[in-house]
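# Fold and geometry: a report
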Amino acid sequence: MPSETAFDAVIVGAGFSGLYMLHRLRQQGLTARVYEAGTGVGGTWYWNRYPGARVDIESQEYSYSFSPELDAEWVWSERYATQPELLRYLNHVADRFDLRPDIQLETRVIAAIFDEATNRWTIATDRGETLSARYCVMATGVLSVANDIAFPGAETFRGPTWRTGSWPKEGVDFTGQTVAVIGTGSSAIQSIPLIAAEADHVTVFQRTPNFSVPAHNGPIDPRVAADWAQNRARYRAEARESGFAIGMVQQFDKPALEATPEERRAAYAERWARGGFSFLGAFNDLITDRAANDTAAEFVRDRIRSIVNDPATAEKLAPKSFPIGSKRLCVDTGYYATFNRENVALVDLREEPIEAITPAGVRTSAREYPVDAIVYAIGFDAMTGALGKIDIRGRGGAALKDRWAAGPSTYLGLMIAGFPNLFIVTGPGSPSVLCNMAVAIEQHVDWISDCIAWMGHRQLGAIEATEAAQDAWVAHVNEVADTTVYPLANSWYLGANVPGKPRVFMPYIGGFPVYRDKCNEIAAKGYEGFAVTSS
Ligand code: NA7
């Protein structure tokens with residue numbers, strides 16, 4: 001157990017964000033300590049160990065770019081890296097940059113209180129420790145707090161239950177079992193084909209069907225790897241200039257509605273064959289124009305109808321209630337074809353909602369489905385969930401959960417008025433989950449590190465967003481969201497998946513380059529919209 005209790009910075013979380021944050025601050029000569037609840041580093045990739053868990057952005061792009069040496073020495077084996085490979089990568093990063101001495105595992109931060117007299121944060125952990133830090137960086141992740149299992153009778157189920165977001169390290173053997181999978185988001189879509197290949201029988205309980213496109217995963221083509229290695233800097237730069245910070249999307253600069261039906265079909269077919277998020281780049285108006293979006297959505301629905309043999313099942317799997325892309329597009333390996341297996345059944349919860357979990361299985365309004373095991377793939381309290389679990393108090397003892405009772409407000413998704421020296425990595429109000437998280441995280445960590453260095457050079461005590469700048473930013477985030485199809489879905493981007501959560505569009509959809517330039521411009525103007533106090 002480390003004996004120091006006072007740091008320049010405390011960082012909460014040892015995932016992609018926390019690891020790089022620690023590295024940057026140490027490089028600047030600051031003392032920093034990371035607190036992490038898990039028994040190891042990795043964050044999202046530590047917890048989400050369900051079968052088939054893998055990144056939905058091509059591996060080379062979904063990795064750090066801050067160290068050319070790291071970039072050059074790490075070789076990804078698959079086009080979309082698996083969770084074990086991503087976890088190995090993050091452990092390699094922790095070792096390569098000797099980060100572990102400043103990371104305390106199995107420790108949850110439970111409170112962070114700002115002291116106005118000293119301009120420092122007092123931080124409490126679940127081990128009874130109290131720490132003090134000038135800066136507190138919440139690297140707590142956007143999908144790190146699982147949704148509650150609120151089905152009546154859930155605790156009475158006789159068999160084992162598993163959660164995709166906290167899967168056991170030793171794995172689960174479903175051989176010979178009948179299994180219920182509740183949820184059809186990305187986690188379910190990745191895991192169902194593998195669970196179905198192992199179990200005797202799988203019943204999938206679907207509340208809302210999701211759009212999914214094929215990953216066409218496989219070993220990385222050596223020619224692609226060689227080309228990437230040779231042109232890495234250029235590809236990285238191109239990604240940073242694209243709206244989603246994903247180079248492979250390669251948005252075609254033409255509106256779908258200006259193309260003929262044949263041209264549209266050809267474009268979608270070509271993107272479907274490429275695989276992954278590139279599908280949404282087929283035309284430049286798919287996320288801003290509902291009619292354009294409908295043409296892409298209908299193409300995917302037709303693909304589902306052609307893959308799934310049973311027409312009734314295909315219709316249930318074909319999403320019709322929201323625009324494609326307005327919920328995160330899923331990227332799968334054999335998801336729809338899994339419903340052609342004899343041992344897989346689909347239950348449409350819009351026709352027969354779940355009434356209760358019973359000792360024997362799942363009971364809907366129509367009947368009981370007896371099962372040996374239940375997999376809950378019901379998602380996360382996204383973007384704000386982890387911050388809500390910590391008792392965060394700013395100026396005047398104000399609690400963040402009260403300030404955010406009507407939904408999160410931030411300036412740039414980085415700082416909150418009234419909460420000085422508290423930074424959020426990829427917080428609500430920043431592009432975050434709407435772009436390549438690896439790029440978003442590096443940009444935020446770099447901005448925060450530069451801000452802290454700027455404060456240090458001027459020997460300033462505290463920096464915080466002004467209410468006026470924050471209000472203007474929140475208004476801008478909403479204004480931009482309203483120019484797109486995103487608010488038309490009941491998605492976790494809006495908090496719509498958590499009963500009682502305020503409906504506020506949380507990520508910034510103005511595009512990564514626009515957002516980054518804005519952040520840089522604000523810093524260059526002496527942190528415009530922020531107020532500083534001397535030490
Ligand atoms: P998601 O995408 O939020 O999916 C959760 C799924 O669980 C979704 O199909 C939900 O249906 C369903 N759900 C949630 N609550 C219930 C209840 N009470 N009853 C029935 N079904 C329910 O989470 P994932 O973990 O799959 O993926 C999260 C992100 O990780 C993903 O976007 C990628 O970025 C990676 P709903 O659609 O709300 O009707």
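Structure: above.
First, a word on what this report is: a plain description of the structure on this page. Every value quoted in this text rests on a predicted model; they were computed, and no experiment measured them.

Rules used throughout
- Counting restarts for each chain: residues are numbered from 1 in the order of the written sequence.
- Residue-level local features of this predicted model are given only where pLDDT is at least 70; pairs of side-chain atoms are given and counted only at 80 or more, and the full residue set underlies all totals for whole chains, interfaces and linings.
- As a rule here, side-chain values come from all non-hydrogen atoms in the structure, and water together with hydrogens is ignored.
- A run of H or I in DSSP becomes a helix once it reaches four residues, and a run of E becomes a strand once it reaches two; helices and strands are each numbered from the N terminus.
- Note that the radius of gyration is over C-alpha atoms, with the globule rule given as 2.2 Å times the number of residues to the power 0.38.
- Burial here depends on accessible area, computed with a 1.4 Å probe over protein chains only, as a share of the maximum for the residue type. Under 20% is buried, over 50% is exposed, and the range in between is partly exposed.
- By the convention used here, residues are in contact when the closest approach between their heavy atoms is within 4.5 Å.
- Only the protein chains shown count as cover for residues, and the accessible areas themselves come from Shrake-Rupley with a 1.4 Å probe.
- Pairing of aromatic rings covers Phe, Tyr and Trp, the last counted by its six-membered ring, and requires centre-to-centre distances within 6.5 Å; plane angles under 30 degrees mean stacked, over 60 mean edge-to-face, and any other angle means tilted.
- The way it works is a 1 Å grid over only the protein atoms, where trapped points that fit a 1.4 Å probe form a cavity and open points with protein on both sides within 12 Å along at least five of seven lines form a pocket, and then any residue with an atom within 4 Å of a point lines it.
- Grid points are joined across faces, edges and corners, and a volume is the space filled by probe spheres set on the points.
- Residues were grouped as follows: Ala, Val, Leu, Ile, Met, Phe, Trp, Tyr, Cys and Pro as nonpolar; Asp, Glu, Lys and Arg as charged; and all remaining residues, including Gly, as polar.
- As used in this record, nonpolar core signifies buried Ala, Val, Leu, Ile, Met, Phe, Trp, Tyr and Cys residues forming a set joined through side-chain atoms within 4.5 Å.
- Consider each residue's heavy atoms; a residue with any of them within 4 Å of a molecule or strand counts as near.
- Whenever a nitrogen or oxygen atom comes within 3.5 Å of another N or O atom, the pair is scored as a polar contact, on the condition that within protein one atom can donate a hydrogen and the other can accept it, and that pairs from neighbouring residues in sequence are kept only if both atoms are in side chains.

In terms of regular secondary structure, the chain is built from 15 helices and 20 strands. Over its C-alpha atoms the chain spans a radius of gyration of 23 Å, differing by no more than 12% from the 24 Å that the globule rule assigns to 535 residues. When the backbone C-alpha atoms are referred to their principal axes, the chain occupies close to 70 × 55 × 45 Å. A total of 535 residues make up the chain; the buried ones form 57% of that total. Long-range pairs, those at least 24 residues apart, make up 72% of the contacts in the chain with a sequence separation of at least 6. About 20900 Å² of surface is accessible on the chain, with carbon and sulfur atoms providing 52% of the total.

Take the packing of aromatic side chains next. Within this structure, the stated rule accounts for 42 aromatic pairs. Here the aromatic rings of Phe-205 and Tyr-369 are separated by 5.3 Å at their centres, their planes lie at 85 degrees, and the arrangement is edge-to-face. One end of the pair, Phe-205, is in strand E9 (residues 201-206); the other, Tyr-369, is in strand E15 (residues 368-370), with 164 residues separating them in the sequence. Neither residue differs from the other here; Phe-205 and Tyr-369 are each classed as buried. Grouping aromatic residues by their ring pairs yields a cluster made of Phe-16, Tyr-20, Trp-45, Tyr-62, Tyr-64, Phe-66, Trp-74, Trp-76, Tyr-89 and Phe-97.

The next point concerns empty space enclosed by the protein. Evaluated as defined, the whole model comprises 3 cavities of 30 Å³ or more. In this structure, the largest cavity encloses a volume near 160 Å³. Lining the largest cavity are 14 residues; nearest its centre among them are Phe-244, Phe-277, Leu-280, Leu-434 and Tyr-486. Estimates place the volume of the second largest cavity at around 80 Å³. In this structure, the second largest cavity is lined by Pro-408, Ser-409, Thr-410, Pro-428, Gly-429, Trp-473, Val-474, Val-477, Asn-478, Val-504, Phe-505 and Met-506. Grouping the constituent residues of the lining of the second largest cavity by class yields 8 nonpolar, 4 polar and no charged.

What follows covers the nonpolar core. Core analysis: the largest hydrophobic core is formed by 136 residues, its most contacted members being Leu-412, Phe-423, Trp-447 and Phe-530. Ranked by the residues each element gives to this core, the list is headed by helix H13 (residues 437-457), at 10 residues. Here Phe-530 is in contact with Tyr-411, Leu-412, Met-415, Trp-447, Ile-463, Glu-464, Ala-465, Thr-466 and Ile-522, once residues within four sequence places are set aside. Leu-131, Ile-392, Leu-400 and Phe-419 belong to the second largest nonpolar core, which has 22 residues in total.

Tracing the backbone shows Gln-470 in helix H14 (residues 467-481). Residue Gln-470 is classed as buried on the basis of its relative accessible area, which comes to 2%. In this structure Gln-470 touches Arg-403, Ser-409, Thr-410, Tyr-411, Met-415, Ile-416, Ala-417 and Ala-465, once residues within four positions along its chain are discounted.

In this section: the site of the ligand. Ser-187, Arg-207, Thr-208, Lys-327 and Arg-328 are the nearest of the 18 residues found near the ligand. The separation between an oxygen atom of the ligand and a polar side-chain atom of Arg-207 is 2.9 Å. Lys-327 is positioned such that a nitrogen or oxygen atom in its side chain is 2.7 Å from an oxygen atom of the ligand. When the ligand is considered free in solution it has 780 Å² of accessible area, and contact with the protein chains removes 85% of it. Looking at side-chain class alone, the shell around the ligand contains 8 nonpolar, 7 polar and 3 charged residues.

The next thing to look at is unusual backbone geometry. A positive phi angle, close to 70 degrees, is found at Met-383, a residue other than glycine. Its place among the elements puts Met-383 in the loop between strand E16 (373-376) and helix H11 (385-388). We note that Leu-412 has phi near 65 degrees; this positive angle belongs to a residue other than glycine. Position of Leu-412 relative to the elements: it lies in the loop between helix H12 (400-403) and strand E18 (422-424).

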